[in-house]
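Residue strings, one per chain:
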Amino acid sequence: MDARSFGDGTTVVNGPSSVAGNGNGALGSSSSKARSTHPNPVAADFLRTVDYLEGERPYFVGIGKDGLIGALQKLDKRLKETQGSHILSRKRPTDWIGKEITPGQLGLINHGGLPKVLTRPGRYPGFPLRNWWARTWCGTKGISDTVIEFRGLTVVQVSQNQAAVVSDPQNQIFVIKNAGFVAYAVEGSYDVLSIVDQTHLPTPVKDNITKATLGWTHEVTMKSKTASGQIKEYVVALFLNIPANNCAILQKGDDLELLPAGQHYITNPNVTLRGLYTLGENQIEIPTKDIFTRDQVPVGLTIYLKWQLTEPLKLATHGYNTPYDALKDKTQSILTQIVAHLDYSSMVKQRSIGPDNLDDGTEASSAFLDALRTRAMDDLHDAALEYGINMKDLAVIDRKFKGDIAATMDKLTTRALQAQVEAANVDRENSNKIKIEEGTLQVARVKAQTQNTKSDADAYSVVAAARAQAQKLQIEAEAQAKATRLAAEADAEAIRIKAQADAEVKDQFAREMELRRMDVSRVKAFGQKAVFVPTDGIGSSMANAMAVGMAAGMGTSAK
């Protein structure tokens, strides 16, 4: 039962197949890199495929470097050698009248129920200019068309991203990839069942648990008529598109095969798809069944699982479709052992069992819980390795107690929690009031500091203004004194210069004239209303008498 084999990224699992690539003209290839550990030697041939061209098929020609025209010429030559007939028409084109065939096209003619092909571009005149006896013009087709089917003649050409699923006259199914062929069915027909875009398959495959996309598939069906006349469809080919970091497992009898990421197809009816798997990390939160504590209180847990599938063949060998199916029962068993050693009060205090709950020395049962969690994680890790799973993390993130005892305990616990909440609210209100008062005091301090700063600034402004005024007056006084001193010095210098100039006058007449000018200036200075009195003679004695009389009168009035 432990059959395992490993295929490479270009594995093709099928019966008759065709892909481009070998140098001997054949279109088929098969994987030779598969390895199996099953004692049955048939397992070594699990991926071995038979090339469709290895059989005796004289009227089946692959399209090579010569293109479609060269393949048609080879097929026409074989028909001439074996049956004496041909498929290439011997008509020659003209350039003046008739049916037109442009470069890149083929002309099709129905010659008494047999196909005839015109390959040369030009115009082909009709009857009576050319022999069209028992012949009917059926139009044109493009040389690069993917599929051409006409009167038993079948042409298939697919690009790098396409795959053609074909049924031959014996109902054998084969696939053409990145190549093409020309075939003529003398008996039966070649039917092109589907042209598949290998990188855009229509049906996604998702993990039912994690909802992750594992890949895409496409089934190609063929209609068959049974003896009762009913027409049924049968699956003849399965295409797989597996994204990076994912894989698929195929089954053939008791043998299993691992397919890596890439594009694959299956046409062998003995090979079935077991499943698609992801090799990346997965995580999920799931509820468990009810578990009883040590004091018989039922509890429902919500657990967190994180894992990575490393060996999908081990998982499939044990009969599990997903890693979650393999871990579910084991996790339930381990958690049952954990909860069975705990009582209700311990679980209320220890709300979660996870990597964050470490022994800090404050809880009497915390060391026991941490040790149990470690042992449970180790047991689950060892159990997961048997299924090819690497267990990353396990944690109980929530619990819900059930039953009457749990309801009563929940009420008591709720009351205690409410009391704690109320006490916390009171403490919070007191703390808020203290903070408000502290904030008010801090605001008053800031205002006082602001007022002091403002007063200091005003005093400094007054002192600075007074100092500036004093400095201004001092500067003005010094400037005035300096100006007076300069003016006095200038006047003295002028008088000295003038006196010096007068002293230097030697002419007596000039001296006399200068004296007279000075008298005139002095008299002019008294103004126009001044009266001059002589100081000698009668006038002088009268003036003295008047002065004495005035003085006597002033003395008498004073007494």
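As the structure is a computational prediction, the values presented were derived from the model and not from experiment.

Caption draft 1: Quick peek at the overall build of the protein. The secondary structure content of the protein amounts to 8 helices and 27 strands. Relative to its full complement of 559 residues, the protein shows a buried share of 33%. Residue pairs in contact within the protein that sit at least 24 positions apart in sequence constitute 64% of those at least 6 positions apart.

Caption draft 2: Structural detail: helix H3 (residues 323–340). Look at H3: 26 Å from first C-alpha to last across 18 residues, which is about the 26 Å you get at 1.5 Å a residue. Within the span of H3, buried status applies to Pro323, Tyr324, Ala326, Leu327, Thr331, Gln332, Ile334, Leu335, Ile338 and Val339.

Caption draft 3: Up close: the pattern of salt bridges. Using the criterion set out here, one finds 6 salt bridges in the structure. Across the salt bridge formed by lysine 80 and aspartate 76, the nearest N and O atoms sit 3.3 Å from each other. You can see lysine 80 and its partner aspartate 76 sitting in helix H1 (residues 67–82), 4 residues apart, about one turn around the helix. Classification of lysine 80 as partly exposed rests on a relative accessible area of 46%.

Caption draft 4: Structural view of a nonpolar patch on the surface. On the surface, a cluster of nonpolar side chains totalling about 310 Å² of accessible area is made up of Trp96, Ile97 and Leu129. Looking at the secondary structure, you find tryptophan 96 in the loop between H1 and strand E6 (99–101).

Caption draft 5: Geometry of the sheet that holds strand E22 (residues 262–266). Strand order across the open sheet formed by 4 strands is E17-E18-E19-E22, with antiparallel pairing between neighbours. Each edge of the open sheet carries a strand with a single partner, namely strand E17 (203–206) and E22. For this sheet the average axis-to-axis angle between neighbouring strands, irrespective of direction, equals 30°. Taken together, the 5 bridges between strand E19 (residues 231–242) and E22 define a ladder with antiparallel strand orientation. The residue bridging leucine 240 from the neighbouring strand is histidine 264, located in E22.

Caption draft 6: Main features of the side chain of serine 194. For serine 194, the position within the fold is in strand E16 (residues 191–197). Setting aside residues no more than four positions away along its own chain, serine 194 makes contact with Ala163, Ala164, Val165, His218 and Val220.

Caption draft 7: Main features of the packing of aromatic side chains. Tallied over the full model, the rule gives 7 aromatic pairs. Ring centres 5.8 Å apart and planes at 75° place the aromatic pair phenylalanine 60 and phenylalanine 174 in the edge-to-face group. In this pair, phenylalanine 60 is assigned in strand E5 (residues 60–62) and phenylalanine 174 in strand E14 (residues 173–177), connecting sequence segments 114 residues apart. On the basis of relative accessibility, which here comes to 4%, the residue phenylalanine 60 falls in the buried class. On the basis of relative accessible area, phenylalanine 174 is assigned to the buried category, the value being 0%. With 5.7 Å between their ring centres and 35° between their planes, phenylalanine 239 and tyrosine 265 make a pair best called tilted. You can see phenylalanine 239 sitting in strand E19 and its partner tyrosine 265 sitting in strand E22, a full 26 residues away along the chain. You can call tyrosine 265 buried: its relative accessible area is 0%. Among the aromatic residues, those joined into a cluster by ring pairs are Phe60, Phe174, Phe181 and Tyr190. The cationic tip of lysine 91 hangs over the ring face of tryptophan 132; the distance from NZ or CZ to the ring centre is 4.7 Å.

The rules we used
- Residues numbered from 1 in each chain as written.
- Predicted model: local features only at pLDDT ≥ 70, side-chain atom pairs only at ≥ 80, totals over all residues.
- Heavy atoms only, no water.
- Helix = DSSP H or I, 4+ residues; strand = E, 2+ residues; numbered from the N terminus.
- Buried < 20%, exposed > 50% of the residue type's maximum accessible area, 1.4 Å probe, protein only.
- Contact = heavy atoms within 4.5 Å.
- Expected span 1.5 Å × (residues − 1).
- Salt bridge = Lys/Arg side-chain N within 4 Å of Asp/Glu carboxyl O.
- Patch = residues over 30% accessible without salt bridge, like charges linked within 9 Å, V, L, I, M, F, W, Y side chains within 5 Å.
- Areas by Shrake-Rupley, 256 points an atom, 1.4 Å probe, with all protein chains shown as cover.
- Pairing = 2+ DSSP bridges.
- Axes fitted to C-alpha atoms, helices over the stretch in contact; angles between N-to-C directions.
- Phe/Tyr/Trp six-rings, centres within 6.5 Å; stacked < 30°, edge-to-face > 60°.
- Lys NZ or Arg CZ within 6 Å of the ring centre and 35° of its normal.

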